[in-house]
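Each chain, written out:
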Amino acid sequence: MSAKGGTAIRLVGCAKTFTNGTRALERTALELKGGEIIVFLGPSGCGKTTLLRVIAGLESPDPGGRIFFDDEDVTELPIERRNVGMVFQSYALFPNMNVEENIAYGLKVHGATPQHRAKRVEEMLQMMQIGELRLRRVTELSGGQRQRVALARAIAAQPRVLLLDEPLTALDALLRERLRIEIDVLLHSLGITAAYVTHDQGEAMAIGDRIAVINRGTIVQTGTPREIYYHPASSFVADFVGTMNRVNGTLRDGSLELPGGRIPWTQGGTGAVQALFRPNDARIVTEAEAQLRGVVEQQFFLGDRTRLHVSGIADGLVVVETSEHREFRVGQSVGLRIEPGALLNLRD
């Protein structure tokens, strides 16, 4: 175990082919440190939930695949013997039980004494700030309240590993943002090893110590949120995680030449090239500082930032995001500056 006390997880050659021949997961090798939170991020049908279910023991890997919790091979163990907690998108609470009874259910299954059950339920009610709901039926709860009960039930039995399958998808945007923060604080305070499935990039960035981006059953990149965002390993990752500008230009004399100007280029090469950069890496500057010049075609005020669509910079519109507290108008000329380190050249 790590210093944080969590259970390390190791997957060796784990693939999953269903009986109808569908290959949901390619051969996968993955290691999670004890106490680490990893987010499986990808489009619908990419295999992220299948991977989570393989870790849980709800699905068996194809022959040859092995799963280890610390040094214990748990490949053949069913979910009830792996001591994992699960939180589902649908909450999966028991409608015939009240909040206390739902939280206590897993403890009862594991044979905890009534005294221990009562103590843990009380701790969970306080941790999730739902003490006043203890006697309510789950059918009387809001979506956010149900999600807190589901988390409390999953954590109550002190699982070795916590697995969360798109737990916030059914909630409205404001509540989802609030619970996202609460889950992040909760998981890091517990020091429990957790795997979290989502297709929401913002959620992945906010919660994960690492993100594993999955496409067509394959983990195509694993890294910290900052690494995934600023150093994507492929065009798929670049386009899936956040907004990415793609501009076609010409390399000449250490510069990238575009219709709107020139940018220093430090990666070598000559001739035609496609460069990529994030909208927030293009700074709006004065005419004297500008490397590139264009015209605002559209502007969108998003509260904490303004998004501009700018023409004249490249062969298509360029997206620029700025947190400056100023107004822009359609038809306005703007100057941009992009630091060389922000430019990517992906050759896949």
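This write-up is about the structure you can find in this document. (Residues numbered from 1 in each chain as written. Predicted model: local features only at pLDDT ≥ 70, side-chain atom pairs only at ≥ 80, totals over all residues. Heavy atoms only, no water.)

## Re the overall build of the chain
Argument step 1. A count of helices and strands for the chain gives 9 helices and 19 strands.
Argument step 2. Across the 348 residues in the chain, those meeting the buried criterion constitute 50%.
Argument step 3. Considering only contacts within the chain whose residues lie at least 6 apart along the sequence, 65% involve residues at least 24 apart.
Argument step 4. Accessible surface, the chain as shown: approximately 16500 Å² in total, 50% of it carbon and sulfur.
Argument step 5. Separation between the mean location of the 40 positive side-chain charges and that of the 41 negative ones in the chain comes to 2 Å. (Helix = DSSP H or I, 4+ residues; strand = E, 2+ residues; numbered from the N terminus. Buried < 20%, exposed > 50% of the residue type's maximum accessible area, 1.4 Å probe, protein only. Contact = heavy atoms within 4.5 Å. Areas by Shrake-Rupley, 256 points an atom, 1.4 Å probe, with all protein chains shown as cover. Lys, Arg positive; Asp, Glu negative; His and termini not counted. Charge placed at Lys NZ, Arg CZ, Asp CG, Glu CD.)

## Some points on the packing of aromatic side chains
Argument step 1. Scanning the model with the defined rule gives 3 aromatic pairs in all.
Argument step 2. An angle of 55° between the planes, with centres 4.6 Å apart, marks the rings of Phe94 and Tyr105 as tilted. Residue Phe94 is found in the loop between strand E6 (84-87) and helix H3 (99-109), and its partner Tyr105 is found in helix H3; the two are separated by 11 residues along the sequence.
Argument step 3. The class of Tyr105 is partly exposed, set by a relative accessible area of 35%.
Argument step 4. Ring centres 5.6 Å apart and planes at 10° place the aromatic pair Phe236 and Phe240 in the stacked group. Here Phe240 and Phe236 lie together in helix H9 (residues 235-240), a separation of 4 residues that amounts to about one turn. (Phe/Tyr/Trp six-rings, centres within 6.5 Å; stacked < 30°, edge-to-face > 60°.)

## Things to note about the pattern of salt bridges
Argument step 1. Counting across every chain of the model gives 26 salt bridges.
Argument step 2. Close ionic contact of Glu59 with Lys16 constitutes a salt bridge, the shortest N to O distance being 3.8 Å. A residue pair is termed long-range when its members are at least 10 positions apart, and Glu59 in the loop between helix H1 (48-56) and strand E4 (66-69) and Lys16 in strand E1 (residues 9-17) qualify at 43 residues.
Argument step 3. The exposure class assigned to Glu59 is buried, which follows from its relative accessible area of 17%.
Argument step 4. Several salt bridges converge on common partners, so that one network encompasses Asp304, Arg305, Arg307 and Glu321. (Salt bridge = Lys/Arg side-chain N within 4 Å of Asp/Glu carboxyl O.)

## Observations regarding the sheet that holds strand E3 (residues 37-41)
Sheet strands line up and pair through hydrogen bonds in the backbone, either parallel or antiparallel.
Argument step 1. Pairing is mixed in the open sheet, where 6 strands are placed in the order E6-E7-E8-E3-E9-E10. If you trace the sheet from one side to the other, it starts and ends with E6 and strand E10 (218-223), each paired once. Between one strand axis and the next, the sheet turns by 20° as a mean value, whatever way the strands run.
Argument step 2. Alignment of E3 against strand E8 (residues 193-198), held across 5 bridges, turns out to be parallel. Paired with Leu41 across the two strands is Thr198, which belongs to E8.
Argument step 3. Against the sheet, helix H5 (residues 143-156) contacts E6 and strand E7 (161-165), and its axis sits at roughly 170° relative to E6. (Pairing = 2+ DSSP bridges. Axes fitted to C-alpha atoms, helices over the stretch in contact; angles between N-to-C directions.)

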